[in-house]
Amino acid sequence: MRDRFRWDFGLGREVGLVLWAMVCDDAAYSAFMSVWALWMARLGAPVTVIGLLLGATGILRLLVLTRAASLTERFAPRTLAVVSRVLLGLGLVTAGFAQHWTQLAPMLLLSAFSVLASPVAKSHVSDHAGENRVRAYTLVFTVAPAVSFGLSPLLAGLIIAKLGMAAVFFYSAAWCVASALVYWRLDATVPRAPATEDSRSSFREAFADPGVRLVLGLQAASVFAMSVGTSLLPPFLEEVQGLHPATIAALGSTPAIGSIVFGLYVARSRRFQGAPLAAAALCTVFVSASLAVCLSTNLVWLLAVAFLARGGFLSAWGLFGAALAEVAPDRHRMRVFSLGDMGTNLAFWCAPILSGQLYAIAPQTPLLASIAVSLALVPLLLAGQRRAGSMRVAPAA
């Protein structure tokens, strides 16, 4: 009985530490992001400026990701993860003290460095997960974030009710400190062969690998397709289906439950252990079914079930990381994960732009387009799994 309930969930010390770091990371992120745009507005930023600030954040993160892999060649990955958490914490503190939207500039700049922890965490899990990559990635990058996304915004809401909106930024900063402490406990050594002329890497060489290119393309396309349908779902439910904002907010916490359930299923399923893209295809079907229900009814209990299925979005995000770990050669791994984060961030930030244009045609159009494209990707994901299976790279010893 004691072996079943271990702090590392049977993943081993190094992967277990990353899991708890992810819990802290996503607790911080989900708390402040739930009020980030509202805080900008509270500080006097017009809607157009808010959009520009959010877009600028995405661009800055992409720029930082282009340097992530090269920075790991100069500094220990553990150090980069810790520094990224400290910088984000400092940015959150400045945001909490801000009195005007122009004073949010330090937060925008410092938060961009938070993305450095993502490729470090994924690479560290890949290096230490052994043959259990899919299970490890599912628990670390699906279940752990889902728990935080389900609970932390609720705690943030209580803090806002008692202390005001600014207090949530200090709450998030505290989680950043906790995350930095966990990351600092990681083993600073990485189980890789000594660097040689043949072991050097570049983004061009990493992208040239056919397995990497295949998974990156499917990942970006899937995230973009699902994001088009989910980006403007709250206004659709309010304007078309007549739901009260409070009901929509309550429904917003249920996808985390769906992600946890599906993540635990994948972690225990032998069928999906060696087939992360097949599992991602199933997640895509769940998200499409969720959007179809949202189109067809305003019954709250049916929408609650649909939002559970929408948790497949977060699950798919983690599974693509596992698929990249399966095909990425060791010498390219850090750059591959950086490329993956670039692609998903770009897809995630660009999808609302298209969604807004489609919504102007008719509110149902973004959901219909998302369903059609997502379902069209399902056979491609299954075919991609067959191809990627033949390109699988042996795990690090």
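Residues numbered from 1 in each chain as written. Predicted model: local features only at pLDDT ≥ 70, side-chain atom pairs only at ≥ 80, totals over all residues. Heavy atoms only, no water.

Caption draft 1: Spotlight on the overall build of the protein. Helix and strand counts for the protein stand at 19 helices and zero strands. By sequence separation, contacts in the protein at least 24 residues apart represent 83% of the contacts at least 6 residues apart. (Helix = DSSP H or I, 4+ residues; strand = E, 2+ residues; numbered from the N terminus. Contact = heavy atoms within 4.5 Å.)

Caption draft 2: Highlighting the packing of helix α7 (residues 133-163) against helix α13 (residues 254-268). Running from N to C, α7 and α13 cross one another at 160 degrees; their axes reach a closest spacing of 8 Å. Taken together, the axis directions place α7 and α13 in an arrangement best described as roughly antiparallel. Between α7 and α13 the crossing geometry is left-handed. Contacts between α7 and α13 involve Val 134, Arg 135, Thr 138, Leu 139, Thr 142, Val 143, Ala 146, Val 147, Phe 149 and Gly 150 from the first element and Ala 256, Ser 259, Ile 260, Gly 263, Leu 264, Val 266 and Ala 267 from the second. Taken together, the residues of the contact of α7 with α13 sort by class into eleven nonpolar, five polar and one charged. (Axes fitted to C-alpha atoms, helices over the stretch in contact; angles between N-to-C directions. Parallel < 35°, antiparallel > 145°, perpendicular 65-115°, else oblique. Left-handed = near helix turned anticlockwise from the far one by under 90°. Nonpolar A, V, L, I, M, F, W, Y, C, P; charged D, E, K, R; others polar.)

Caption draft 3: Inspection of the environment of Leu 108 at higher detail. Within the element layout of this structure, Leu 108 appears in helix α5 (residues 105-112). Expressed as a C-alpha distance, the spacing of Leu 108 and Leu 88, which sit 20 residues apart in the sequence, is 9.3 Å. Contacts of Leu 108, omitting those with residues within four sequence positions, involve Trp 36, Leu 53, Thr 57 and Leu 60.

Caption draft 4: Just the pattern of salt bridges, in detail. Counting across every chain of the model gives three salt bridges. Between Arg 13 and Glu 14 there is a salt bridge, with the nearest N and O atoms lying 2.5 Å from each other. For Arg 13, a relative accessible area of 39% gives the class partly exposed. The residue Asp 25 makes a salt bridge to Arg 85 at a minimum N-O spacing of 3.3 Å. One end of the pair, Asp 25, is in helix α1 (residues 13-33); the other, Arg 85, is in helix α4 (residues 77-97), with 60 residues separating them in the sequence. Given a relative accessible area of 9%, Asp 25 falls into the buried group. Among the residues examined, Arg 85 registers a relative accessible area of 5% and is labelled buried. (Salt bridge = Lys/Arg side-chain N within 4 Å of Asp/Glu carboxyl O. Buried < 20%, exposed > 50% of the residue type's maximum accessible area, 1.4 Å probe, protein only.)

Caption draft 5: Summary view of the environment of Gly 130. One can find Gly 130 in the loop between α6 (117-128) and α7. Looking at Gly 130, the relative accessible area reads 21%, which means it is partly exposed.

Caption draft 6: Structural context of the nonpolar core. One finds Val 125, Val 140 and Tyr 183 to be the most contacted residues of the largest nonpolar core, which totals 85 residues. Setting aside chain neighbours within four positions, we find Val 125 in contact with Val 15, Val 18, Ala 136, Tyr 137, Val 140 and Phe 141. Core analysis: the next-biggest nonpolar cluster, separate from the first, contains 27 residues, Met 40, Leu 108, Ala 156 and Ile 159 among them. (Core = buried A, V, L, I, M, F, W, Y, C linked by side-chain atoms within 4.5 Å.)

Caption draft 7: How the structure looks around the packing of α13 against helix α17 (residues 312-327). Contact pair α13 / α17: the axes reach a minimum separation of 8 Å and the direction vectors enclose 40 degrees. Taken together, the axis directions place α13 and α17 in an arrangement best described as oblique. Along this stretch, α13 crosses α17, giving a crossing that reads as right-handed. Mapping the contact onto sequence places Ser 259, Phe 262, Gly 263 and Val 266 in α13 and Leu 314, Ser 315 and Leu 319 in α17. Here the contact of α13 with α17 is composed, by residue class, of four nonpolar, three polar and no charged.

Caption draft 8: Spotlight on the confidence of the model for the protein. Scored by pLDDT, the protein comes out at a mean of 82, with 90% of its residues at no less than 70. The element-level mean pLDDT for the protein is lowest in helix α12 (residues 245-251), coming to 70, with helix α8 (residues 167-184) highest at 94. Low pLDDT, under 50, characterises residues 192-198; the stretch is placed with six contacts to residues that sit more than four places away or in other chains. (pLDDT = per-residue confidence, 0-100.)

Caption draft 9: Inspection of the packing of aromatic side chains at higher detail. According to the stated counting rule, one finds eight aromatic pairs in the structure shown. The rings of Tyr 29, Phe 32 and Phe 149 are connected pair by pair, giving a single aromatic cluster. The ring centre of Trp 184 lies 4.1 Å from the NZ or CZ of Arg 78, which sits over that ring. (Phe/Tyr/Trp six-rings, centres within 6.5 Å; stacked < 30°, edge-to-face > 60°. Lys NZ or Arg CZ within 6 Å of the ring centre and 35° of its normal.)

Caption draft 10: Structural view of the side chain of Ser 315. Mapping Ser 315 onto the fold places it in helix α17. In this structure Ser 315 comes out as buried when scored by relative accessible area, which is 2%. Apart from residues lying up to four places away in sequence, Ser 315 is in contact with Thr 142, Ser 259, Phe 262, Gly 263 and Cys 283.

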